[in-house]
Number of protein chains: 2
Amino acid sequence: MAREITGFSNPLVKRLRSLRDKKHRRAEGLFLAEGLRILTEAADAGALPEILVYVDRPDLPPLARQLIARTEAAGGDVVTTGADILAKMSGKDNPGILLGAYADRGTALEAIDRTAAPIWIVAERLRDPGNLGTILRTGDAVGAGGLILVDDCVDPFSVEAVRASMGALFTQAIVQTRWEDFLPWLRSGPGTLVGTSLRTDTDYQAIAYPRPTFILVGNEAQGLPADKEAACDHLVRMPMLGRADSLNAAVATAVMAYEVLNQHRRQVKHA
Amino acid sequence: MAREITGFSNPLVKRLRSLRDKKHRRAEGLFLAEGLRILTEAADAGALPEILVYVDRPDLPPLARQLIARTEAAGGDVVTTGADILAKMSGKDNPGILLGAYADRGTALEAIDRTAAPIWIVAERLRDPGNLGTILRTGDAVGAGGLILVDDCVDPFSVEAVRASMGALFTQAIVQTRWEDFLPWLRSGPGTLVGTSLRTDTDYQAIAYPRPTFILVGNEAQGLPADKEAACDHLVRMPMLGRADSLNAAVATAVMAYEVLNQHRRQVKHA
């Protein structure tokens, strides 16, 4: 049965709220996800929360009741509280009716089976949590295996990144590593590394992308540094007809990823 | 010569800061843009600020000095102040060294020459200013003529939208209109309206897109309503191989827009 929390001073309020900070996420090995849609996506992908907080209303949707039952059956800590206390826990004005605290979902680079997916996305020094979440969502759509975060990327388990991923955080493998570990791992097996750059004339549609293709995305403001560009098998550029010399990082990743997917689709059709 | 503002209580501080609110933007006919990169893009596109505020530092970049000189030559109000007062004006902790207030850039639907560009982007009930700005940036890259905002979209002149557009706000025509005005206008001339939808089996690469193609983007959470889908010449879908049933709105727009651009590029090559 769910236990009820009625006071703002309950330690769980402070504990969950603290998970908005990376330091506390690390210490606890937990991160937050909010809202029925994302929590349902998580459950469908096999992830149930360690702690589930909900507002007990008569009109609670059936999907929410299922999620509560499944979390209880799995031995999770299920808590009911008021909308005002849930808002305090989540730090959001309008958090919806569900808040989950999930065990960290990081994967080690060595645990990745690169042949399990035709596309992998690699981001280096990505700074914006919205971009990171949007890239995860795109990865899910194109059938990518996961997102490999290289060097100092924003935390993929921040509330903003989880929200922007719309649940894809739970379907994509997530690796946090360093370039000096990533590159030897990449070269120890099959896989083509492609980066987008302004310092090339090669059109992104002029290259044939094998399986698996690793799409390398650079920092939002600076793009890829020279040494990482030099390590790519292909540097390509998308046509840009206007005044601007770059696309949003999540947009560029998606345009690139759909090109790879479309090539793979044509190969299947013609095979 | 630039006039100097030394006090937080100067009326210009409050006036510029008030432009963060849509109500005040409307009343003044002005909006804010921040940072050397965006203000330089604006100037290159022919837009100089009505009011330009800068922090006078010895290491002011040459591009900033050029912008100041051009704004003064054009009769703009050029103001110098301290970094702390600029931060107060912009409402941002770290606004950079330049803040511009620009005259509204809205265009009437009737003033649009649709044959001037092969792609136009139409958004309906778009809610997120970051998405709106990102879509403008993509529009600039694919050579779109502009962004037509239908029904209750977020204000394209908000600080967040301007920032996400990275200056494309100054290169793209921006129309704010209603569906009941847009549709008769669209049908009064050439142009194909294409929307993305889950309620179709037509692959987005299975359609030939003429010039001009109008790409219709729906609300982030709800997509396009049935009546607007019914008004489209084509409803298409992108392949989505994962669990999620939608892409981020700015990502979907970009994938669609690059498909149209790529088809047009192939036509030129084969012509």
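Residues numbered from 1 in each chain as written. Chains lettered and ligands numbered in written order. Predicted model: local features only at pLDDT ≥ 70, side-chain atom pairs only at ≥ 80, totals over all residues. Heavy atoms only, no water.

- Under an unreviewed UniProt entry, the name given to chain A is TrmH family RNA methyltransferase, and the organism recorded is Sphingomonas jejuensis.

## Side note on the UniProt feature "domain: tRNA/rRNA methyltransferase SpoU type" (unreviewed entry) in chain A
No. 1: The sites that UniProt annotates as "domain: tRNA/rRNA methyltransferase SpoU type" (unreviewed entry) are residues 119-258 of chain A.
No. 2: Note that residues 119-258 of chain A is 33% helix and 22% strand, and that its end C-alpha atoms are spaced 10 Å apart. (UniProt positions renumbered as here; feature names shortened; annotations may be inferred. Helix = DSSP H or I, 4+ residues; strand = E, 2+ residues; numbered from the N terminus.)

## Considering unusual backbone geometry
Negative phi values dominate among residues other than glycine, just as trans dominates among peptide bonds.
No. 1: The residue after A:Arg211, namely A:Pro212, is reached through a cis peptide bond having omega -10 degrees.
No. 2: Tracing the sequence through the fold places A:Pro212 in the loop between β10 (192-196) and β11 (213-217).
No. 3: Positive phi, normally seen in glycine, also occurs at B:Arg125, with a value near 50 degrees.
No. 4: Relative to the elements of secondary structure, B:Arg125 occurs in the loop between β7 (119-124) and α6 (129-142).
No. 5: With a phi angle near 60 degrees, B:Asp151 is a residue other than glycine that sits in the positive phi range.

## Considering the interface of chain A and chain B
No. 1: Each partner contributes to the interface: chain A provides 35 residues, whereas chain B provides 35 residues.
No. 2: Roughly 3000 Å² of surface becomes buried between chain A and chain B when both sides are summed, with 50% attributable to carbon and sulfur atoms.
No. 3: Linking chain A to chain B there are four salt bridges.
No. 4: When the shortest N-O distance is used, the salt bridge between B:Arg265 and A:Asp203 registers 2.4 Å.
No. 5: Where chain A meets chain B, there are 24 residue pairs in polar contact (both at pLDDT 80 or more).
No. 6: Secondary structure elements with two or more residues in the side of chain A that touches chain B: α3 (36-44), α6 (129-142) and α10 (249-270) of chain A.
No. 7: Considering each element in turn, the side of chain A that touches chain B owes the most residues, nine residues, to α10(A).
No. 8: For the side of chain A that touches chain B, the class distribution of residues is 16 nonpolar, nine polar and 10 charged. (Contact = heavy atoms within 4.5 Å. Buried area = accessible area lost by both parts, 1.4 Å probe. Salt bridge = Lys/Arg side-chain N within 4 Å of Asp/Glu carboxyl O. Polar contact = N/O pair within 3.5 Å; in protein donor to acceptor, adjacent residues only side chain to side chain. Nonpolar A, V, L, I, M, F, W, Y, C, P; charged D, E, K, R; others polar.)

## A word on the relation of the copies chain A and chain B
No. 1: With an RMSD of 0.0 Å, chain A superimposes on chain B once it is rotated by 180 degrees and translated 0.0 Å along the axis. What the rotation and shift describe, once combined, is the action of a two-fold rotation axis. (Least-squares fit on C-alpha atoms with pLDDT ≥ 70 in both.)

## Side note on the side chain of B:Arg114
Residue and element names in this part refer to chain B.
No. 1: Mapped onto the elements, Arg114 comes out in the loop between β6 (106-107) and β7.
No. 2: Buried within the structure, Arg114 lacks any salt-bridge partner; its nearest side chain of opposite charge belongs to Asp113, at an N-O separation of 6.8 Å.
No. 3: Within the structure, the side chain of Arg114 is placed 2.8 Å from the backbone oxygen of Leu186, a separation counted as a polar contact.
No. 4: Separated by 3.4 Å, the side chain of Arg114 and the backbone oxygen of Gly189 make a polar contact.
No. 5: In this view, Arg114 contacts Trp120, Trp185, Leu186, Ser188, Gly189, Pro190, Pro212 and Phe214; residues no more than four positions away in its chain are not counted. (Buried < 20%, exposed > 50% of the residue type's maximum accessible area, 1.4 Å probe, protein only. Lys, Arg positive; Asp, Glu negative; His and termini not counted.)

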